[in-house]
Amino acid sequence: MRKVKMINRVSIDGYFASLNEMTGGMDWFVLDNDVDKTTHEMVKADTLIVGKNTFELFEASWPPVLRDPNAPKEMKALAQELTDMRKIVFSETMKKSHWENTEFFSGDLTEVVIKLKQEEGTDILIMGSGTVVQQLTNACLIDEYVFIMTPVIASRGKPLFKEVDQNELTFLKAKSFVSGNVLLHYAAAE
């Protein structure tokens, strides 16, 4: 059975995004290529699950990188990988996109993810998408959590685990980086 793996940057106080819509909620992120490389090596996914807000941010960001002749080759490679992935978008209002390999679903998120987990393929990745993470955590459908703990106390923002039931996690790995980011990797408890 395929695994669902979540990767999110979080502030020390548990927020995964700021309230600043102009930056997509990423204004306090401490970016680090070593962190990105490490997380990329941890997850080999062919499917991406996102909510509407995260999808809109990705759709506005990644396809233009593919068309930009001056974009760094690493960014182009990631943009191509995301473009090639099957993208599952949960939204009640959004129904179409020009970004290839995109499918839209409304209704019961858990039913769709249960079916996805039973299909052939590699990992299923979730990035951003707080409400999706919250619903799938409560339904015990996320197999692994990768947190990129950013050295920032945000003091306000969008909490990653708002209205989530208590869940036990099993520690798998931790790694610190010169940037001050710390990668924390956990599996959902059996």
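Note that the structure is predicted; figures quoted are calculated from it, not measured.

Student: Give me the lowdown on the environment of L125, citing residues and values where you can.
Tutor: Relative to the assigned elements, L125 resides in strand β6 (residues 123-127). Residue L125 is classed as buried on the basis of its relative accessible area, which comes to 8%. When the C-alpha positions of L125 and K3 are compared, they lie 8.5 Å apart, and in sequence the two are 122 residues distant. Here L125 is in contact with K5, I7, V43, A45, T47, L48, I49 and M85, once residues within four sequence places are set aside.

Student: Run through the pairing of strand β10 (residues 182-188), naming residues and quoting values.
Tutor: In terms of strand pairing, strand β7 (residues 144-150) meets β10 through six bridges, oriented antiparallel. By the bridge assignment for β10, F147 is matched with L184. Summarising the sheet, strand β9 (residues 169-176) and β10 pair through seven bridges and their orientation is antiparallel. Looking at β10, one finds that A174 is bridged to L184. Counting the residues in the hairpin turn of β9 and β10 gives five residues, including G180, whose phi is positive at 95°.

The rules behind the values
- Residues numbered from 1 in each chain as written.
- Predicted model: local features only at pLDDT ≥ 70, side-chain atom pairs only at ≥ 80, totals over all residues.
- Heavy atoms only, no water.
- Helix = DSSP H or I, 4+ residues; strand = E, 2+ residues; numbered from the N terminus.
- Buried < 20%, exposed > 50% of the residue type's maximum accessible area, 1.4 Å probe, protein only.
- Contact = heavy atoms within 4.5 Å.
- Pairing = 2+ DSSP bridges.

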